[in-house]
Amino acid sequence: MNIKKQPLYTSKDLAARGYEESGPGRYPYSRGPYETMYTRRPWTIRQYAGFSTAQESNAFYRKALKAGQKGLSVAFDLATHRGYDSDHPGVEGDVGKAGVAIDTAEDMIQLFDGIPLDEVSVSMTMNGAVLPVMACFIVAAEEQGVSQEKLAGTIQNDILKEFMVRNTYIYPPAPSMTIVSDIMAYTHRKMPRFNSISVSGYHMQEAGATPLQELAFTIADGLAYLEAARSAGLRVDDAAPRVSFFFALGMDFLTETAKLRAARELWARLVRERFQPENEKSLVLRMHCQTSGWSLTAQDPLNNVIRTTIEALAGVLGGTQSLHTNSYDEALSLPTDRAARIARNTQLILQEEAGLCQTIDPLAGSYAIESLTSDIASGAMEIIREVDALGGMIRAIEQGMPQRRIQESAASRQAAIDSGDEVIVGVNAYRSEEAQEVDVFDVDNKKVLNQQKKKLDHIRSERDPGTVAQALERVTKEALADQQAGRLLEAMVDAARARATVGEMSSALEHVWGRHRAAQTAISGAYRKSFQNKTLFMEIVQEVEAFARREGRRPRMLVVKLGQDGHDRGARIVATAFADIGFDVDLGPLFLTPAEAARQAIENDVHVVGVSTLAGAHKTLIPSLIDELKREGADNIAVVAGGVIPDKDAEWLRKKGVLEIFGPGTRIPEAARRVLGCIAARGAGKGSR
């Protein structure tokens, strides 16, 4: 479901929508949550960052704060997200790659060394291992002499969107919601300046949701969290003022600007209607925004500076409270220092030079903006009613409704880009013939892994085993209790003080709740239906049909993610599109080891394994997959890879045996043709049973 814009808006459009003017800081808050907005206090400049070790990330944070950044936004590596210690055998390729590795409170202490936690606001993107990470943060503050009531910032703590799109969950949905309400109760009692949850639509849009779907599902998630808080004994006025939101900023400038205004209006109306708060602050939606990562292109990457500026401007004119601008090189790797500086300066220029802080909500009263705000709020409300009819957001997720809708939108949009119906400058139109050299940032995964292992060995040898065991036993005991009300996090803080590891603390809960395993399914038909250039599409379909006639079966492909990376938009789109083209496609479960992927490829008798990789672990995990296939005598199975892979890594992977590399922006019909060539090169059907 998309919002269609009219060619012309007039005052009649406002009248038809029942437009009523309201002021900033006044219900329903479409013009902003505060009366003075940026005229008194500009938005907070944040930068989502974290990589390698705590020591290296600390150096980056200090430099960023000195350069004008006002708050920290911490990215953790995937091992930490999934509740594993760095020396766990299943996370070898992920340690330190897409964020900072945190194994114990000692890492967190080092992460914030020299950064006064009573002065700097800290946002942490953490959901699966949210309890041990939050506990380590509290202990790090204690070591600085900063009490909990002085800590300011936000913990994401938004598990529902993990089950929808991002997949860095650990436990099943019901106990995961227990964790959410436990943290809300704890922070209410002990951390009055800290936001206990940031409800994230960002990852939905990055996974393929339309802005309308992003808004609807995010607001529905927020309402579910308020219900969970109420069930845990909190009043709406205890919980709602501490809930913040996190939205994506895509390239549809007018829609994104209006979406943020509609979000505030929708939240205010629904919270008033469903919870009847006494405190007006319970109705006020405050937000953080981040420019799109998906819109960044590997081709002509300097174009991304322009894209990011446009997206940032939409966030500012939409009234965000804090903003992160992505770096232009993030379609290639983690951001370099130069790219990160340009991203920060983009905000500084908007804040200091563009005059945007002198006028509150300058687009208010615009025929187009006000009409779109109304249309988006109405369209999102239709989707929320569908969610309500299914029994609420948790039941909707269990039935797969939001996941299915987002997958369909992602596949349809990819088809529009591949067919040229949607123009991406430098990718499917106006392409440059000149090769562009771009520096890329590379984390030495093996070096970080060895450092973390040594730190873990040292901490385990120095701590008191009896105290650790007692603390972990209490964590398990609290997980078994009927009413947590903040006691789970309290027990975790004691465990972190004793220097229990993130993996040990997570396992103490896993003993009670188990580890969630989601089924991976691909939709069918959405890509084929949306592909506009039918001639181009049918050409590759006919090539696949010819292969099937020649070989006696269709080309068979296993699409996998390796390691702990749960960002599966690319894998799902490839699986859907290749199936629509005529391949037999198996979509592997998430979090496979190379050995598990090789075994599944052999058992399914595939011609080719396609590895989707985004988190930088490709140099460790893909060669391991190739080695496993060789070890099993299945080296006739071709291996191809796609995703965020720098050119220098692509050449290295080819030498290791990867036959094709598909970077961001590759058209799927072209990729399918090249995959057929790979199968032919390996001898189609050679190993078929």
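Residues numbered from 1 in each chain as written. Predicted model: local features only at pLDDT ≥ 70, side-chain atom pairs only at ≥ 80, totals over all residues. Heavy atoms only, no water.

**Some words on the overall build of the protein**
- Regarding its fold elements, the protein presents 27 helices and 14 strands.
- Taking 26 Å as the expected radius of gyration for a compact globule of 689 residues, we find that the protein reaches 25 Å, a close match to that expectation.
- For the protein, the C-alpha atoms occupy an extent of roughly 75 × 70 × 50 Å along the three principal directions.
- Sorting the 689 residues of the protein into buried and exposed places 61% on the buried side.
- The long-range fraction of contacts in the protein, counting pairs at least 24 apart against all pairs at least 6 apart in sequence, stands at 79%.
- For the protein, the computed accessible surface area is about 26600 Å², with 48% contributed by carbon and sulfur atoms.
- Seen as two clouds, the 81 positive and the 89 negative side-chain charges of the protein have centres 1 Å apart. (Helix = DSSP H or I, 4+ residues; strand = E, 2+ residues; numbered from the N terminus. Rg over C-alpha atoms; globule rule 2.2 N^0.38 Å. Buried < 20%, exposed > 50% of the residue type's maximum accessible area, 1.4 Å probe, protein only. Contact = heavy atoms within 4.5 Å. Areas by Shrake-Rupley, 256 points an atom, 1.4 Å probe, with all protein chains shown as cover. Lys, Arg positive; Asp, Glu negative; His and termini not counted. Charge placed at Lys NZ, Arg CZ, Asp CG, Glu CD.)

**Section: the pairing of strand S10 (residues 556-560)**
- Taking burial as the measure, the five residues of S10 include four buried ones, the bulk of the element.
- Where S10 and strand S11 (residues 584-587) come together, four bridges link them in parallel fashion. If you follow Leu 558 over to S11, its bridge partner there is Asp 586.
- Running through helix H23 (residues 569-581), the crossover from S10 to the neighbouring parallel element S11 is right-handed.
- Bridge count for S10 against strand S12 (residues 608-613) is four bridges, and the pairing is parallel. Bridge pairing in S12 links Val 560 to Val 611. (Pairing = 2+ DSSP bridges. Right-handed = clockwise from strand over helix to strand, strands pointing away.)

**Considering the environment of Ile 138**
- Relative to the assigned elements, Ile 138 resides in helix H5 (residues 130-144).
- Each C-alpha atom of the pair Ile 138 and Met 191 lies 10.0 Å from the other, and the pair is 53 residues apart in sequence.
- Ile 138 has contacts with Gln 148, Tyr 186, Met 191, Leu 489 and Val 493, leaving out every residue within four places of it along the chain.

**Concerning the domain arrangement of the protein**
- One can read the domain layout of the protein as domain 1 (11-399) and domain 2 (526-687).
- Each partner contributes to the interface: domain 1 provides 25 residues, whereas domain 2 provides 18 residues.
- For the pair domain 1 and domain 2, the summed buried surface comes to about 1700 Å²; carbon and sulfur atoms form 55% of the total.
- The tally of links from domain 1 across to domain 2 stands at zero salt bridges.
- Summed over the shared surface of domain 1 and domain 2, the result is eight residue pairs in polar contact (both at pLDDT 80 or more).
- For the side of domain 1 that touches domain 2, a count of residues per class yields 11 nonpolar, seven polar and seven charged. (Domains from an automatic or database assignment. Buried area = accessible area lost by both parts, 1.4 Å probe. Salt bridge = Lys/Arg side-chain N within 4 Å of Asp/Glu carboxyl O. Polar contact = N/O pair within 3.5 Å; in protein donor to acceptor, adjacent residues only side chain to side chain. Nonpolar A, V, L, I, M, F, W, Y, C, P; charged D, E, K, R; others polar.)

**Some remarks on the packing of aromatic side chains**
- Going through the model one piece at a time under the given rule, you end up with 14 aromatic pairs.
- Between Tyr 202 and Phe 246, the aromatic rings sit 5.0 Å apart at their centres with planes inclined by 5°, giving stacked as the arrangement. Residue Tyr 202 is found in helix H8 (residues 202-206), and its partner Phe 246 is found in strand S7 (residues 243-249); the two are separated by 44 residues along the sequence.
- What makes Phe 246 buried here is its relative accessible area of 5%.
- Ring geometry for Tyr 527 versus Phe 531: centroids 5.6 Å apart, planes at 50°, classification tilted.
- For Phe 531, a relative accessible area of 0% puts it in the buried group.
- Through successive ring pairs, a cluster of aromatic residues spans Phe 112, Phe 137 and Phe 194.
- Note that Arg 82 overlies the ring of Phe 591, its terminal NZ or CZ placed 3.5 Å from the centroid.
- The ring of Tyr 27 carries Arg 272 above its face, with NZ or CZ at 3.8 Å from the centroid. (Phe/Tyr/Trp six-rings, centres within 6.5 Å; stacked < 30°, edge-to-face > 60°. Lys NZ or Arg CZ within 6 Å of the ring centre and 35° of its normal.)

**Comments concerning a nonpolar patch on the surface**
- Among the surface-exposed residues, Met 251, Ile 306 and Ile 310 lie close enough to one another that they form a single nonpolar patch of about 250 Å² accessible area.
- With respect to the secondary-structure elements, Met 251 resides in the loop between S7 and helix H11 (253-275). (Patch = residues over 30% accessible without salt bridge, like charges linked within 9 Å, V, L, I, M, F, W, Y side chains within 5 Å.)

**Quick word on the nonpolar core**
- Residues Leu 215, Phe 217, Ile 219, Leu 226, Phe 245, Phe 247 and Met 393 are the most contacted members of the largest nonpolar core, which totals 79 residues.
- Ranked by the residues each element gives to this core, the list is headed by helix H9 (residues 211-231), at 12 residues.
- Look past the residues within four positions of Phe 217 in its chain and what remains in contact with it is Met 164, Met 204, Ile 383, Val 387, Met 393, Met 401, Pro 402, Arg 405 and Ile 406.
- Counting residues in hydrophobic clusters, the runner-up holds 69 residues, among them Val 130, Cys 136, Val 443 and Ala 508. (Core = buried A, V, L, I, M, F, W, Y, C linked by side-chain atoms within 4.5 Å.)

**A closer look at helix H24 (residues 594-603)**
- Within H24 the residues assigned to the buried category are Pro 594, Ala 597, Ala 598, Gln 600 and Ala 601. Buried residues of H24 fall within an arc of 165° about the axis and therefore sit on the same side.
- If you follow the buried residues of H24, they end up packed against S10, S12 and helix H25 (618-631).
- The positive-phi residue at the C-terminal boundary of H24 is Asp 605, with phi of around 55°. (Arc of directions from axis to C-beta.)

**Side note on the pairing of strand S13 (residues 638-643)**
- The element S13 is largely enclosed, with a buried count of six among its six residues.
- Neither face of S13 is open: one carries Ala 638, Val 640 and Gly 642, the other Val 639, Ala 641 and Gly 643, and all of them are buried.
- Relative to S13, S12 is paired through six bridges, and the arrangement is parallel. In the strand pairing of S13, Val 608 is matched with Ala 638.
- Read from S12 through H25 to S13, the crossover connection turns out right-handed.
- One ladder, built from three bridges, connects S13 with strand S14 (residues 660-662); its direction is parallel. Counted as the bridge partner of Ala 641 is Ile 661 from S14.
- You can see the chain leave S13, run along helix H26 (residues 647-656) and come back into S14, and the turn it takes is right-handed.

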